[in-house]
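# Commentary on secondary and tertiary structure
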Amino acid sequence: MTRDELLGRVRSILVTEFELEPEQVLAGARLVEDLDLDSIDGVTIVVRLEAQLEVSMTDEEIQKMITVGDIVDALAERLGTPRCP
(Lines give C-alpha, C1' and ligand atoms only; values in the text may rest on other atoms or scores of the structure.)
Protein backbone atom coordinates (compact mmCIF):
# COMPACT_ATOMS: atom_id res chain seq x y z
CA MET A 1 0.00 0.00 0.00
CA THR A 2 1.39 3.40 -0.96
CA ARG A 3 1.60 6.43 1.29
CA ASP A 4 -1.15 8.10 -0.76
CA GLU A 5 -3.39 5.09 -0.21
CA LEU A 6 -2.66 5.21 3.52
CA LEU A 7 -3.49 8.92 3.60
CA GLY A 8 -6.73 8.12 1.79
CA ARG A 9 -7.64 5.53 4.44
CA VAL A 10 -6.88 7.93 7.28
CA ARG A 11 -8.79 10.72 5.53
CA SER A 12 -11.79 8.44 4.98
CA ILE A 13 -11.93 7.48 8.66
CA LEU A 14 -11.60 11.08 9.83
CA VAL A 15 -14.29 12.30 7.44
CA THR A 16 -16.69 9.46 8.28
CA GLU A 17 -16.15 9.17 12.03
CA PHE A 18 -15.77 12.83 12.92
CA GLU A 19 -17.76 14.55 10.16
CA LEU A 20 -14.77 16.54 8.96
CA GLU A 21 -14.55 18.06 5.49
CA PRO A 22 -12.12 16.16 3.22
CA GLU A 23 -10.22 19.37 2.41
CA GLN A 24 -9.46 19.80 6.14
CA VAL A 25 -7.71 16.44 6.35
CA LEU A 26 -4.27 17.17 4.94
CA ALA A 27 -1.03 15.46 5.95
CA GLY A 28 0.08 18.55 7.86
CA ALA A 29 -3.22 19.01 9.71
CA ARG A 30 -2.74 18.82 13.48
CA LEU A 31 -5.19 16.45 15.11
CA VAL A 32 -5.96 18.60 18.16
CA GLU A 33 -5.38 22.17 17.03
CA ASP A 34 -6.63 21.98 13.44
CA LEU A 35 -9.16 19.13 13.49
CA ASP A 36 -10.42 19.62 17.07
CA LEU A 37 -9.92 15.95 18.01
CA ASP A 38 -9.01 14.69 21.48
CA SER A 39 -7.17 11.64 22.84
CA ILE A 40 -10.33 9.50 22.78
CA ASP A 41 -10.76 10.37 19.10
CA GLY A 42 -7.15 9.38 18.50
CA VAL A 43 -7.79 5.96 19.98
CA THR A 44 -10.86 5.57 17.76
CA ILE A 45 -8.78 6.40 14.67
CA VAL A 46 -6.08 3.89 15.61
CA VAL A 47 -8.58 1.13 16.43
CA ARG A 48 -10.27 1.57 13.03
CA LEU A 49 -6.95 1.56 11.19
CA GLU A 50 -5.65 -1.45 13.10
CA ALA A 51 -8.79 -3.38 12.16
CA GLN A 52 -8.76 -2.32 8.50
CA LEU A 53 -5.05 -2.82 7.91
CA GLU A 54 -4.43 -5.67 10.35
CA VAL A 55 -1.61 -3.84 12.13
CA SER A 56 -0.92 -3.06 15.75
CA MET A 57 0.27 0.26 17.15
CA THR A 58 2.01 0.79 20.47
CA ASP A 59 0.91 3.40 23.00
CA GLU A 60 4.21 5.21 22.41
CA GLU A 61 3.51 5.48 18.69
CA ILE A 62 0.00 6.74 19.32
CA GLN A 63 1.23 9.43 21.74
CA LYS A 64 3.68 10.74 19.12
CA MET A 65 0.92 11.29 16.55
CA ILE A 66 0.43 15.04 16.29
CA THR A 67 -0.55 15.37 12.63
CA VAL A 68 -2.39 13.30 10.05
CA GLY A 69 1.01 12.73 8.43
CA ASP A 70 2.32 11.24 11.68
CA ILE A 71 -0.42 8.61 11.50
CA VAL A 72 0.49 7.85 7.88
CA ASP A 73 4.19 7.62 8.81
CA ALA A 74 3.49 5.19 11.66
CA LEU A 75 1.31 3.02 9.43
CA ALA A 76 3.85 3.09 6.60
CA GLU A 77 6.56 1.96 8.99
CA ARG A 78 4.39 -0.89 10.26
CA LEU A 79 3.48 -1.97 6.73
CA GLY A 80 6.97 -1.55 5.29
CA THR A 81 5.91 1.18 2.86
CA PRO A 82 8.96 3.04 1.55
CA ARG A 83 9.30 6.75 2.31
CA CYS A 84 9.05 9.22 -0.51
CA PRO A 85 12.44 10.43 -1.76
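Residues numbered from 1 in each chain as written. Predicted model: local features only at pLDDT ≥ 70, side-chain atom pairs only at ≥ 80, totals over all residues. Heavy atoms only, no water.

### Description of the nonpolar core
In this structure, V10, L14, L35, L49, V68, I71 and L75 are the most contacted members of the largest nonpolar core, which totals 25 residues. Looking at this core, the elements with two or more residues in it are α1 (3-18), α2 (39-53) and α4 (68-79). Setting aside residues no more than four positions away along its own chain, L35 makes contact with L14, L20, Q24, A29, R30 and V68. (Core = buried A, V, L, I, M, F, W, Y, C linked by side-chain atoms within 4.5 Å. Buried < 20%, exposed > 50% of the residue type's maximum accessible area, 1.4 Å probe, protein only. Helix = DSSP H or I, 4+ residues; strand = E, 2+ residues; numbered from the N terminus. Contact = heavy atoms within 4.5 Å.)

### A few points about unusual backbone geometry
Phi at D36 takes a positive value of approximately 60 degrees, unusual for a residue other than glycine. Structurally, D36 can be placed in the loop between α1 and α2.

### Structural notes on the pattern of salt bridges
A side chain of one charge can pair with a side chain of the opposite charge if their charged atoms are brought near each other. Summed over all chains, the structure comprises four salt bridges. R3 is the partner of D73 in a salt bridge, and the nearest nitrogen-oxygen pair spans 2.1 Å. One end of the pair, D73, is in helix α4; the other, R3, is in helix α1, with 70 residues separating them in the sequence. Classification of D73 as partly exposed rests on a relative accessible area of 26%. The shortest N-O distance in the salt bridge between R48 and E17 comes to 2.9 Å. In this pair, R48 sits in helix α2 while E17 sits in helix α1, placing the two residues 31 residues apart along the sequence. (Salt bridge = Lys/Arg side-chain N within 4 Å of Asp/Glu carboxyl O.)

### Some words on α1
Under the 1.5 Å per step criterion, the end-to-end length of α1 is 22 Å for 16 residues, consistent within 8% with the ideal 22 Å. Taken together, the buried positions of α1 are occupied by R3, L6, L7, V10, I13, L14 and F18. Along the long axis of α1, the arc covered by the buried residues comes to 125 degrees, so they all point the same way. Across α1 from its buried face, at more than 90 degrees, point the exposed residues D4 and T16. (Expected span 1.5 Å × (residues − 1). Arc of directions from axis to C-beta.)

### Considerations on α4
Taking 1.5 Å of rise per residue, the twelve residues of α4 would be expected to cover 16 Å, and the 17 Å separating its terminal C-alpha atoms lies within 8% of that figure. Among the residues making up α4, those that are buried are V68, G69, I71, V72, A74, L75 and A76. In the core, the buried residues of α4 are packed alongside α1 and α2. A side-chain oxygen of the first residue of α4 lies 3.3 Å from the backbone nitrogen of G69; this N-cap is T67. Positive phi shows up at G80, right after α4, with a value of about 75 degrees. (Polar contact = N/O pair within 3.5 Å; in protein donor to acceptor, adjacent residues only side chain to side chain.)

### Overview of the packing of α1 against α4
It is at 9 Å that the axes of α1 and α4 come closest, and there the two elements cross at 125 degrees. When the axes of α1 and α4 are compared, the pair comes out oblique. The handedness of the crossing between α1 and α4 comes out as right-handed. Contact residues: R3, L6, L7, V10 and L14 in α1; V68, I71, V72, D73, L75, A76 and L79 in α4. Taken together, the residues of the contact of α1 with α4 break down into ten nonpolar, no polar and two charged. (Axes fitted to C-alpha atoms, helices over the stretch in contact; angles between N-to-C directions. Parallel < 35°, antiparallel > 145°, perpendicular 65-115°, else oblique. Left-handed = near helix turned anticlockwise from the far one by under 90°. Nonpolar A, V, L, I, M, F, W, Y, C, P; charged D, E, K, R; others polar.)

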